[in-house]
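Commentary on secondary and tertiary structure
Read off the chains here:
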Amino acid sequence: MKQFLITFLFITLYSFGYSQSIKEVEKEFQNAANSVEKAKFANQLAEMYLGTDAIKAIGYADAAIKNAKLAKIDRVHAEALHFKAKATVGKFFPNGNTPRSRNDFDEGETLFKESMNMAKRIGYDELELENIENLAYINSKTIGSHKPDIKEANIYYQMYAARTKQMKKFRRPEAVANVVIPGLNDKPKEEDKPKEEPKPDNTEIKNSDEEIAQMMNYANQVIKEKKALEEKIVLLEDQIKVLDEQIEKVTSSSLSAEELEAVRLQYEQQKEDLSKKLSKKERDAKKLEKEIKDQEVEILTVKEANELREARYQQGIMMGSAIVALILLSLYIAYALQKRGRRKLAEKNTEIEQEKERSDELLLNILPANIAQELKVSGAAKARSHKGVSVFFSDFRNFTKVSERLSPEDLVKELDYCFKGFDYIISQYPSIEKIKTIGDAYMCVGGLKDGNSAKAAKEMVQASLEIQEFLFDYKADRQSKSMPFFEARIGIHTGDVVAGVVGNKKFAYDVWGDTVNVASRMESSGEPGKVNISANTFNEIRYDFLCRSRGKINVKNKGMIEMYFVDKAY
């Protein structure tokens, strides 16, 4: 039983790396990440606490059973039931057994049966046999308040023998036969005779560390018996020597020489028998030694093969990990490149959109919105006739003389300042569209967008008065600084025009017709600081502005044309 327990512990230690202290294993149990690890470490702790702390052994066995059920590890489950049963009945505590109650015994017996049945179901032969042996043991002993049940014990002993024969296993002898040296006149007693020990069926030994341990223990048993036989032979030889001396000196001995010779022959026969047994034990020992070496070589070969498979497995894992890492790296690089490409594409699209907005803005600065849209869609804009359009012209008086007093840079700067003021003012009126500047001349048209001649004329006159007011302020500022300044004549005429885009490179939006020529004559016939309008324009705005008639004035190539100065709005 004890040898089987040692073998069982050896297998468990080998499986779980049982070289750690209890504290280290408890720490591993606390840090276990899943049910599999918790079950294994709890099972190991339950075994380690057997014989020292029954409460902890039972507690860890329960933890192992719980986690083994969750993880579905039947082997650990069966072992944990076995350890809990041991701790419960107190079999493996100091002094052979610890007093227990009847309930503890019943619970332990139930646990041993559960462990036995589970071990049988999963093919765990060693554990099944040990459970059977434990059941036989506890039913044959007085444990606490429990009384022996010899009939039940015999059933389990018979079951053990049957299962052992069925599985072709062997057991270590329960005890070593004591060699008794009989006295001079003693006859060997029946109970002192060496018992025949069951020999292992070596043909069925499995290649495992457990079987090697069993064989080595059996070999040690043979060696002990051999040594005992040798000691007995030495004692018998001494006795024979003493008898020989007594035979030679016999005179008045109570035993005759014949009787002494008979005793000596008896010892000689015992010596011969013991020598035969000794020779047989020596042969058994040599045979076992050879089998142990063969088993060790075979196990070493299996271990080397397992180590080679493990190395190849680890190598495969490393190669697989490297391939996975390479694939992940490739995917990451592809993703990064794709992301970078999308970012660059988005940046390019943003730049294109910004450029498009700038180009549209520039186009709208040159052309009316509807004409610009027509150019973008079709690439060309048709010329259109417009009725009731008010045309605005302005020109600076004495521009040539003023420009002579300024450097080219200052001249351009002054013109830029004035025309920006014009642009801002007319941009406040939706119906007015700037057409162009030619030198110091500025031209714009009102009424091209909606065809409302009255509205266009009103907004055009109002914008003209604001431009003159802007120039008055400009003039006062320049005069205060003793700097040259510009004064403008403004002329407006209302009539029909044709508008459209000319050219296909550096195209320009322009208007044509007699209305444009008359508007130009209104400007040239006007006065600085004044807004000069024709009769057509006057008729459109007469109820909105205070005007002074100038009568009919002769205009080059046009004859007499009625004109008006606009003073202010009503």
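Since the model is a prediction, treat every value here as computed from it, not as a measurement. (Residues numbered from 1 in each chain as written. Predicted model: local features only at pLDDT ≥ 70, side-chain atom pairs only at ≥ 80, totals over all residues. Heavy atoms only, no water.)

Quick look at the overall build of the protein chain now. Secondary structure assignment for the protein chain yields 16 helices and eight strands. In the protein chain, which comprises 570 residues, the proportion classed as buried is 39%. Nonlocal contacts in the protein chain, meaning residues at least 24 apart in sequence, comprise 65% of its contacts between residues at least 6 apart. As displayed, the protein chain offers around 33,400 Å² of accessible surface, 53% of which is attributable to carbon and sulfur atoms. (Helix = DSSP H or I, 4+ residues; strand = E, 2+ residues; numbered from the N terminus. Buried < 20%, exposed > 50% of the residue type's maximum accessible area, 1.4 Å probe, protein only. Contact = heavy atoms within 4.5 Å. Areas by Shrake-Rupley, 256 points an atom, 1.4 Å probe, with all protein chains shown as cover.)

Two side chains bearing opposite charge may form a pair once their charged atoms approach each other closely. For the structure shown, the criterion picks out 18 salt bridges. For Asp 395, the salt bridge identified is with Arg 489, shortest N-O distance 3.3 Å. Placement of Asp 395 in strand β1 (residues 384–396) and of Arg 489 in strand β4 (residues 488–502) is noted, with a sequence separation of 94 residues between them. Under the relative-accessibility criterion, Arg 489 is labelled buried at 16%. Several salt bridges converge on common partners, so that one network encompasses Glu 414, Asp 477, Arg 478 and Lys 481. (Salt bridge = Lys/Arg side-chain N within 4 Å of Asp/Glu carboxyl O.)

The end-to-end C-alpha distance of helix α3 (residues 35–48), which contains 14 residues, comes to 20 Å, matching closely the 20 Å that a straight helix rising 1.5 Å per residue would cover. Taken as a whole, α3 has its buried residues at Ala 39, Phe 41, Ala 42, Asn 43, Gln 44, Leu 45, Ala 46, Glu 47 and Met 48. (Expected span 1.5 Å × (residues − 1).)

A separate point is the packing of helix α5 (residues 74–89) against helix α7 (residues 125–138). It is at 11 Å that the axes of α5 and α7 come closest, and there the two elements cross at 20°. The angle between α5 and α7 falls in the class roughly parallel. Crossing angle aside, the handedness with which α5 passes α7 is left-handed. Touching Ala 78, Glu 79, His 82 and Lys 86 of α5 are Leu 127, Glu 130, Asn 131 and Asn 134, all from α7. A class-by-class count of the residues in the contact of α5 with α7 yields two nonpolar, three polar and three charged. (Axes fitted to C-alpha atoms, helices over the stretch in contact; angles between N-to-C directions. Parallel < 35°, antiparallel > 145°, perpendicular 65-115°, else oblique. Left-handed = near helix turned anticlockwise from the far one by under 90°. Nonpolar A, V, L, I, M, F, W, Y, C, P; charged D, E, K, R; others polar.)

This part covers unusual backbone geometry. Phi at Lys 72 is positive, roughly 60°, even though this residue is not glycine. Locating Lys 72 in the fold gives a position in the loop between α4 (54–71) and α5. Among the residues examined, Lys 72 registers a relative accessible area of 71% and is labelled exposed. Backbone geometry at Asn 557 places phi at a positive 65°, although glycine is not the residue there. Mapping Asn 557 onto the fold places it in the loop between β7 (545–555) and β8 (559–569). A residue is classified by how much of its surface remains accessible, and Asn 557, at 67% relative accessible area, is exposed.

Turning our eyes to something else, we now look at α7. Taking 1.5 Å as the rise per residue, α7 with 14 residues should run 20 Å; its terminal C-alpha atoms sit 20 Å apart, in good agreement. Extensive coverage of α7 is indicated by the burial of 13 of its 14 residues.

Right, let's get into the side chain of Thr 515. Within the secondary structure, Thr 515 sits in helix α15 (residues 514–524). Overall, the relative accessible area of 5% leaves Thr 515 in the buried class. For Thr 515, the contacting residues outside a window of four places in its chain are Val 389, Val 391, His 493, Thr 494, Gly 495, Asp 496 and Val 497.

This part covers the packing of aromatic side chains. Counted under the stated rule, the structure contains 14 aromatic pairs. Between Phe 538 and Tyr 564, the aromatic rings sit 4.1 Å apart at their centres with planes inclined by 5°, giving stacked as the arrangement. A residue pair is termed long-range when its members are at least 10 positions apart, and Phe 538 in helix α16 (residues 535–541) and Tyr 564 in strand β8 qualify at 26 residues. According to the relative accessible area criterion, Phe 538 is buried, its value standing at 14%. Its relative accessible area of 10% is what places Tyr 564 among the buried residues. Here the aromatic cluster, defined as three or more aromatic residues joined through ring pairs, consists of Phe 392, Phe 396, Phe 399, Tyr 417, Phe 419, Phe 422, Tyr 442, Phe 470, Tyr 474 and Phe 486. The lysine or arginine in question, Lys 38, covers the ring of Phe 29, its NZ or CZ lying 5.2 Å from the ring centre. The ring of Tyr 124 is capped by Arg 75, whose NZ or CZ atom sits 3.7 Å from the centre of that ring. (Phe/Tyr/Trp six-rings, centres within 6.5 Å; stacked < 30°, edge-to-face > 60°. Lys NZ or Arg CZ within 6 Å of the ring centre and 35° of its normal.)

Let's shift gears to the pairing of β8. Where strand β6 (residues 531–534) and β8 come together, three bridges link them in antiparallel fashion. Considered in β8, the bridge of Ser 534 is made with Met 563. Note that β7 and β8 share 10 bridges and pair antiparallel. From the neighbouring strand, Ile 553 faces β8, where its bridge partner is Ile 561. In this antiparallel pair of consecutive strands, β7 and β8, the connection spans three residues, and Asn 557 shows a positive phi of 65°. (Pairing = 2+ DSSP bridges.)

Topologically, Ser 275 is positioned in helix α10 (residues 257–366). Between the C-alpha atom of Ser 275 and that of Lys 232, which follows or precedes it by 43 residues, the distance is 9.8 Å.

Right, let's get into the environment of Asp 284. Within the secondary structure, Asp 284 sits in helix α10. Here the alpha-carbon distance between Asp 284 and Ile 223, two residues 61 residues apart in the chain, equals 9.5 Å.

The next subject is the nonpolar core. As a rule of thumb, nonpolar side chains are buried together in soluble globular proteins. Grouped together as the largest cluster of nonpolar side chains are 37 residues, with contacts concentrated most on Phe 396, Leu 471, Phe 486 and Ile 533. No other element matches helix α14 (residues 453–480), which puts nine residues into this core. Grouped together as the second largest cluster of nonpolar side chains are 33 residues, Val 25, Ala 42, Ala 80 and Tyr 160 included. (Core = buried A, V, L, I, M, F, W, Y, C linked by side-chain atoms within 4.5 Å.)

For the protein chain, the mean per-residue pLDDT works out to 79, and 78% of the residues sit at or above 70. Across the protein chain, the element-wise mean pLDDT spans from 44 in helix α1 (residues 2–16) up to 97 in β6. Overall, residues 92–97 carries pLDDT values under 50, and its contacts beyond four positions in sequence, including any with other chains, amount to 18 contacts. Below a pLDDT of 50 lies the segment residues 169–207, which in the model reaches 62 contacts outside its immediate sequence neighbourhood of four places, other chains included. (pLDDT = per-residue confidence, 0-100.)

On to a nonpolar patch on the surface, then. Together, Leu 326, Leu 329, Tyr 332, Ile 333, Tyr 335 and Leu 337 line one region of the surface with nonpolar side chains, adding up to about 650 Å² of accessible area. Mapping Tyr 332 onto the fold places it in helix α10. Relative accessible area serves as the criterion here: at 55%, Tyr 332 is assigned to the exposed category. (Patch = residues over 30% accessible without salt bridge, like charges linked within 9 Å, V, L, I, M, F, W, Y side chains within 5 Å.)

With that settled, consider the packing of α3 against α5. The geometry of α3 relative to α5 is characterised by a closest axis approach of 10 Å and an angle of 25° between their N-to-C directions. As summarised for this structure, α3 and α5 are arranged roughly parallel, according to the angle between their axes. The element α3 and its partner α5 pack so that their crossing is left-handed. Touching Ala 39, Lys 40, Asn 43, Ala 46 and Glu 47 of α3 are Val 76, Glu 79, Ala 80 and Phe 83, all from α5.

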